[in-house]
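Next come the chains, spelled out residue by residue.
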Amino acid sequence: MNKATRKAIIAGNWKMNKTRPEAKALLTELAPMVADVKSVEIVACVPFTNLETALAATEGTNIKIGAENCHFEKSGAFTGEISADMLAEMGVEYVVLGHSERRQYFAETDETVNKRTKAALEAGLKPIVCVGELLWERECNITEEVIARQIKLDFFGISADDLKKCVIAYEPVWAIGTGKTATADQAEEVCAFIRDTLAKLYGADVAETITIQYGGSMNAANAAELVSKKNVDGGLIGGASLKAADFTTIIKAAEVG
Ligand code: PEP
């Protein structure tokens, strides 16, 4: 398998944006703009409060809905948390896990990302697991060490069959929401490194099937170059996913590949 046979995934991460009427309006605007897209999986990962609205607004379309996090326990005394089973029961398909904002502001660790990934898989969700280095880690020339460690820990104890249900998003932390995009060569270099790391852990055949996205200030202007790279199978998009026209341009760029 190679890029030509891996299906690119363009996923929007809405973060803490959009009320329910705004969510409905955005998805209702987006759906006809991307209705003809077949070769790219389109996902909108939305706040918990918007899930039901988003699922209803995209029914019968080619837009899949994801959540932005889930807890690792099935149920219990975890005030304010949402379980993977709760999401799956609603019809949610994807869940973003280990986003750098969760790691930075909500004390998530590779251990909890690993537990959340396992819980999501058990519930039948497709995890989009985010990894990425801080700016100073890149400056200290330890990007590969950081990424290898995250991959090993986040996927610890996860079988090859389960790994195939996961998406990995390479998101350099210094590029998220900053307007500073990694160059296409930098994105390719780390995405290829992630694939090599997976090949060492699971074998090359498995690694070749895994969708590895780039995320970090991807927008309508830079998407085409980023997704043209051999190991970049789409993107996880924050800010630019909040505008239907920009998100559509990124999706269409991924169709070309
Ligand atoms: C993200 O939230 O995952 C992200 C990549 O954000 P942005 O595109 O705004 O940098």
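Right above here is the structure, for reference.
Residues numbered from 1 in each chain as written. Predicted model: local features only at pLDDT ≥ 70, side-chain atom pairs only at ≥ 80, totals over all residues. Heavy atoms only, no water.

Draft legend 1. Quick look at the environment of Lys38. By the secondary structure assignment, Lys38 is in the loop between helix H1 (20–33) and strand E2 (40–45). You can call Lys38 exposed: its relative accessible area is 66%. When the C-alpha atoms of Lys38 and Lys7 are compared, they prove to be 9.6 Å apart, with 31 residues separating the residues in sequence. Look past the residues within four positions of Lys38 in its chain and what remains in contact with it is Lys7 and Glu255. (Helix = DSSP H or I, 4+ residues; strand = E, 2+ residues; numbered from the N terminus. Buried < 20%, exposed > 50% of the residue type's maximum accessible area, 1.4 Å probe, protein only. Contact = heavy atoms within 4.5 Å.)

Draft legend 2. Representation of the sheet that holds strand E5 (residues 126–131) in the model. A barrel is described by the order of its strands in space; here 8 strands give the closed sequence E1-E2-E3-E4-E5-E6-E7-E8, paired in parallel fashion. Neighbouring strand axes in the sheet, compared pairwise and without regard to direction, differ in orientation by 30 degrees on average. Bridge analysis of strand E3 (residues 63–67) against strand E4 (residues 94–97) gives 2 bridges, and the strand direction is parallel. Paired with Ala67 across the bridge in E4 is Val95. Sitting on the sheet, helix H12 (residues 244–256) touches strand E1 (8–13), E2 and strand E8 (234–237), and the angle it makes with E1 is about 165 degrees. (Pairing = 2+ DSSP bridges. Axes fitted to C-alpha atoms, helices over the stretch in contact; angles between N-to-C directions.)

Draft legend 3. Geometry of the pattern of salt bridges. Summed over the entire model, instances satisfying the criterion amount to 17 salt bridges. With a closest N to O distance of 3.3 Å, Arg6 and Glu208 form a salt bridge. Of the two residues, Arg6 is situated in the segment before E1 and Glu208 in helix H10 (residues 204–209); the sequence distance between them amounts to 202 residues. Among the residues examined, Arg6 registers a relative accessible area of 7% and is labelled buried. With a relative accessible area of 26%, Glu208 lands in the partly exposed category. (Salt bridge = Lys/Arg side-chain N within 4 Å of Asp/Glu carboxyl O.)

Draft legend 4. Representation of the side chain of Ser241 in the model. Checked against the element boundaries, Ser241 lands in the loop between E8 and H12. On the accessibility criterion, Ser241 (3% relative accessible area) is buried.

Draft legend 5. Examining the packing of aromatic side chains more closely. Under the counting rule described, the total for this entry stands at 1 aromatic pair. Of note, Arg102 hangs over the ring of Phe106, and the distance from its end group to the ring centre comes to 4.0 Å. The side chain of Lys115 reaches across the aromatic face of Phe72, ending 4.5 Å from its centre. (Phe/Tyr/Trp six-rings, centres within 6.5 Å; stacked < 30°, edge-to-face > 60°. Lys NZ or Arg CZ within 6 Å of the ring centre and 35° of its normal.)

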